[in-house]
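Spelled out, the chains give:
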Amino acid sequence: MPKGKLPPCPDPELYILVKTKEGSFWRRKRGTVKKASLNKTFSDNNQAFRILMPAAARMVKKLYAYTRQLDMGRITARIAGKWLKPFIDTGAISFAALNKMELQRDHPLEHLCNANYIITANGGVHRIYIDLVSGQVIAQNTLVTDYYFEAVLLYGDPTTDGGLVTRDRTSELYHFGAETPAGCALEIPCAPAGEPWLLFLKVSCLEENEMAAHYKNYAMKVVGVGVGERKS
């Protein structure tokens, strides 16, 4: 109500006086219109995050050997956030919810490497074939000299300590400005049957014999997922 004469209180049992800079008014007391209760969605989310945040933290820790050059921001919260809805719906942590996730949102894989890649799985082996020709990995500055690819497979149960396993394969070194082979193939054994898994493709750049200093010279993305059969 605007500043001015305040009408009498409609019912002291039901109303309270609220004073603001714009004026004062009578407001119904909390719980007299609709019974006050804890927001169920908020409660469910809170309970879920008690499981999802530690699980995401375990995943981030397990990947640290491959991500220490990256600027991933609040990656633990981002992973847990992607898991939230399927976890509320099914009670399971969904690796599929992370499909195509960029570990560096501001520096996605396609900004560093615009080559096409094909992923297959045959005979118990994942194969990433990168259709690589000269110029498809883009130098981000004049300091970088070389680049290489990595395939990283992570699988297992993120809800328990020691429940996650990684495997990796690394390509040969390619020199910026030189003609490159027609393609790069990375092969890595599949996860054991029934295990949920994530397959990452990473590009890294070097400055002579040192790893590139700036995180824009790296990119890592989830390029494949397997849901497995695990329940939290």
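Preceding block: the structure.
Counting from 1, residues in each chain are numbered in the order their sequence is written. Totals for whole chains, interfaces and linings use all residues, but because this is a predicted model, local features are given only for residues with pLDDT of at least 70 and pairs of side-chain atoms are given and counted only at 80 or more. Computation of side-chain values: all heavy atoms of the structure, hydrogens and water removed.

A. Structural detail: the overall build of the chain. By the criteria applied, helices consist of DSSP H or I runs no shorter than four residues and strands consist of E runs no shorter than two, each listed in order from the N terminus. Across its full length, the chain holds four helices and eleven strands. Exposure is judged per residue with a 1.4 Å probe applied to protein chains only, and the accessible area is read against the type maximum: over 50% gives exposed, under 20% gives buried, and values in between give partly exposed. Buried residues in the chain amount to 39% of all 232 residues. The contacts of the chain with a sequence gap of at least 6 include a subset with a gap of at least 24, amounting to 64%. Surface exposure here means Shrake-Rupley accessible area, sampled with a 1.4 Å probe, where a residue is shielded only by the protein chains that are shown. With an accessible surface of roughly 13300 Å², the chain has 52% of that area assigned to carbon and sulfur atoms. Contacts: residue pairs with any heavy atoms within 4.5 Å of one another.

B. Spatial organisation of helix 3 (residues 75-90). One less than the number of residues in a helix, times 1.5 Å, gives the span that helix is expected to have. Between its terminal C-alpha atoms helix 3 stretches 23 Å, which fits the 22 Å expected from 16 residues at 1.5 Å a residue. Throughout, the bend at a residue refers to the angle made by two axes, fitted to the seven residues ending there and to the seven starting there. At Leu 84, helix 3 is bent by approximately 40°, the largest bend along its length, and proline Pro 86 sits one to four residues beyond. Positioned one or two residues after helix 3, Gly 91 has a phi angle of 80°, which is positive.

C. Representation of the side chain of Asp 157. Structurally, the position occupied by Asp 157 is in the loop between strand 5 (146-156) and strand 6 (164-170). What qualifies as a polar contact is a pair of N or O atoms within 3.5 Å, subject to a donor-acceptor requirement within protein and to the restriction that residues adjacent in sequence count only when both atoms come from side chains. Engagement of the side chain of Asp 157 in a polar contact is seen with the side chain of Thr 159, the distance being 2.6 Å.

D. View of unusual backbone geometry. Look at Lys 100: it is not a glycine, yet its phi comes out positive at around 70°. Note that Lys 100 resides in the loop between helix 3 and helix 4 (109-112). For Lys 100, a relative accessible area of 59% puts it in the exposed group. Phi is positive for Glu 208, close to 60°, though the residue is something other than glycine. Within the element layout of this structure, Glu 208 appears in the loop between strand 9 (197-207) and strand 10 (210-211).

E. Fine view of the environment of Glu 172. With respect to the helices and strands, the residue Glu 172 is situated in the loop between strand 6 and strand 7 (174-175). For Glu 172 and Phe 149, which are 23 residues apart along the polypeptide, the C-alpha to C-alpha distance reads 7.8 Å.

F. Region of the structure containing the packing of aromatic side chains. Between 30 and 60 degrees the pair is tilted, below 30 it is stacked and above 60 it is edge-to-face, where a pair is any two Phe, Tyr or Trp rings, Trp via its six-membered ring, whose centres lie within 6.5 Å. Using the criterion set out here, one finds four aromatic pairs in the structure. Aromatic pair Tyr 147 and Tyr 174: ring centres 5.5 Å apart, planes at 35°, arrangement tilted. Within this pair, whereas Tyr 147 is found in strand 5, its partner Tyr 174 is found in strand 7, the two being separated by 27 residues in sequence. Considered together, Tyr 147 and Tyr 174 belong to a single accessibility category, that of buried residues. Ring centres of Tyr 147 and Phe 176 lie 4.9 Å apart, and the angle between their planes is 55°; on these two criteria the pair is classed as tilted. Separated by 29 residues along the polypeptide, Tyr 147 in strand 5 and Phe 176 in the loop between strand 7 and strand 8 (184-189) bring together distant segments of the chain. The residues Tyr 147 and Phe 176 share a single accessibility class, namely buried.

G. Representation of the sheet that holds strand 8. A pair of strands is treated as paired once DSSP finds two or more bridges between them. Strand order in this open sheet of three strands is 3-4-8, and the pairing throughout is antiparallel. This sheet does not close on itself; its edge strands, each paired only once, are strand 3 (116-122) and strand 8. Going across the sheet, the axis of each strand differs from the next one's by a mean of 15°, ignoring polarity. Relative to strand 4 (residues 125-131), strand 3 is paired through seven bridges, and the arrangement is antiparallel. Bridge assignment links Asn 116 to a residue of strand 4, and that residue is Asp 131. Fitting a line to C-alpha atoms yields each axis, with helices limited to the stretch in contact; the angle taken between N-to-C directions then spans 0 to 180 degrees.

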